[in-house]
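Residues per chain are reported as follows:
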Amino acid sequence: QVQLVESGGGLVQAGGSLRLSCAASGSIINAMGWYRQAPGKQRELVAAITSGGRANYGDSVKGRFTISRDNAKNTVYLQMNSLKPEDTAVYYCYAGRYTFVVDSWGQGTQVTVSS
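Definitions and cut-offs
Chains are numbered independently. Their residues run from 1 in the order of the written sequence. Totals for whole chains, interfaces and linings use all residues, but because this is a predicted model, local features are given only for residues with pLDDT of at least 70 and pairs of side-chain atoms are given and counted only at 80 or more. Excluded from the side-chain calculation are hydrogens and water; included are all heavy atoms of the structure. Secondary structure follows DSSP: runs of H or I at least 4 residues long count as helices, runs of E at least 2 residues long count as strands, and numbering of each begins at the N terminus. Radius of gyration here uses only the C-alpha atoms, and the compact-globule reference equals 2.2 Å multiplied by the residue count raised to the power 0.38. We call a residue buried when its accessible area falls under 20% of the maximum for its residue type, exposed when it is over 50%, and partly exposed in between, using a 1.4 Å probe and counting protein chains only. We call two residues in contact when some of their heavy atoms are within 4.5 Å. For every accessible area listed, the method is Shrake-Rupley and the probe measures 1.4 Å; residues are considered covered only by the protein chains on display. Buried Ala, Val, Leu, Ile, Met, Phe, Trp, Tyr and Cys residues form a nonpolar core when they are joined through side-chain atoms within 4.5 Å. Here, a disulfide means two cysteine sulfur atoms that sit within 2.5 Å of each other. Only the six-membered ring of Trp is used, alongside the rings of Phe and Tyr, when aromatic pairs are assigned; centres must lie within 6.5 Å, and planes under 30 degrees apart are stacked while those over 60 apart are edge-to-face, with the rest tilted. For a lysine, the NZ atom is tested; for an arginine, the CZ atom; a charge sits over a ring if that atom is within 6 Å of the ring centre and within 35 degrees of the ring normal.

## Overview of the overall build of the chain
The number of helices and strands found in the chain is 0 helices and 11 strands. Beginning at the N terminus, the succession of helices and strands in the chain can be written as β-β-β-β-β-β-β-β-β-β-β. By the compact-globule yardstick of 13 Å for 115 residues, the chain fits well, its C-alpha radius of gyration being 13 Å. Structurally, the chain occupies a C-alpha span of about 40 × 25 × 20 Å along its principal axes. For the chain, buried positions account for 44% of its 115 residues. Across the chain, every contact between residues at least 6 apart in sequence was considered, and the portion connecting residues at least 24 apart equals 54%. Carbon and sulfur atoms form 48% of the exposed surface of the chain, whose accessible area is close to 5,900 Å².

## Remarks on the nonpolar core
Taken as a class, soluble globular proteins show a tendency for nonpolar side chains to be buried jointly. By size, the foremost hydrophobic cluster in this structure holds 26 residues, and its most contacted members are M32, W34, L78, M80 and Y91. When residues of this core are traced back to their parent elements, those giving at least two are β3 (18-24), β4 (31-37), β5 (44-50), β7 (65-70), β8 (75-80), β9 (89-96) and β11 (109-114). The contacts of Y91, once residues within four sequence positions are left out, are E6, L20, W34, Y35, R36, V46, F65, L78, M80, G108, T109 and V111. Counting residues in hydrophobic clusters, the runner-up holds 5 residues, among them A31, L45, A48 and Y94.

## Here we look at the state of the cysteines
Following the criterion strictly, the structure yields 1 disulfide and no others. In this model, C22 is linked to C93 through a disulfide, with the two sulfur atoms separated by 2.0 Å. One quick way to see it: the torsion about the S-S bond of C22 and C93 is about -85°, and its sign makes the bridge left-handed. Note that C22 is positioned in strand β3 and C93 in strand β9, a separation of 71 residues in sequence. Note on accessibility: C22 and C93 belong to one class, buried.

## Concerning the packing of aromatic side chains
Summed over all chains, the structure comprises 4 aromatic pairs. Here the aromatic rings of Y35 and W105 are separated by 5.4 Å at their centres, their planes lie at 75°, and the arrangement is edge-to-face. Pair noted here: Y35 is in strand β4 and W105 is in strand β10 (residues 104-105), with a separation of 70 residues, a long-range link. Members of the aromatic cluster, connected to one another through ring pairs, are Y35, Y92, Y94 and W105. The cationic tip of R43 hangs over the ring face of Y92; the distance from NZ or CZ to the ring centre is 3.8 Å. Between the NZ or CZ atom of R43 and the centre of the ring of W105, over which it lies, the distance is 4.4 Å.

Everything listed here is a matter of geometry and, on its own, says nothing about what the molecule does.
So this is what it looks like as structure tokens:
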């Protein structure tokens, strides 16, 4: 089982920026990324990236969020700009064999955007 350790998150005002990091233990993982879940809502894809650098984004974050990864460190990053109150959620890092296949979850990190 891959262990995922997340960092970043916190409280920020609308229009601000945050950066999340997620480090994975073990061997190189093909796909890593982030989902988020707001209270009373389903978990949704935020962004994902393969070891080859192919990225996918949820429609609500396109143009504002950027996902990247350092394969040498087995770490994925999520740069979140122009944050909105509706971005408030618990953000979960994931790792998987394929882009939309989740094999392991991180513990989650809270992101709160105040208006």
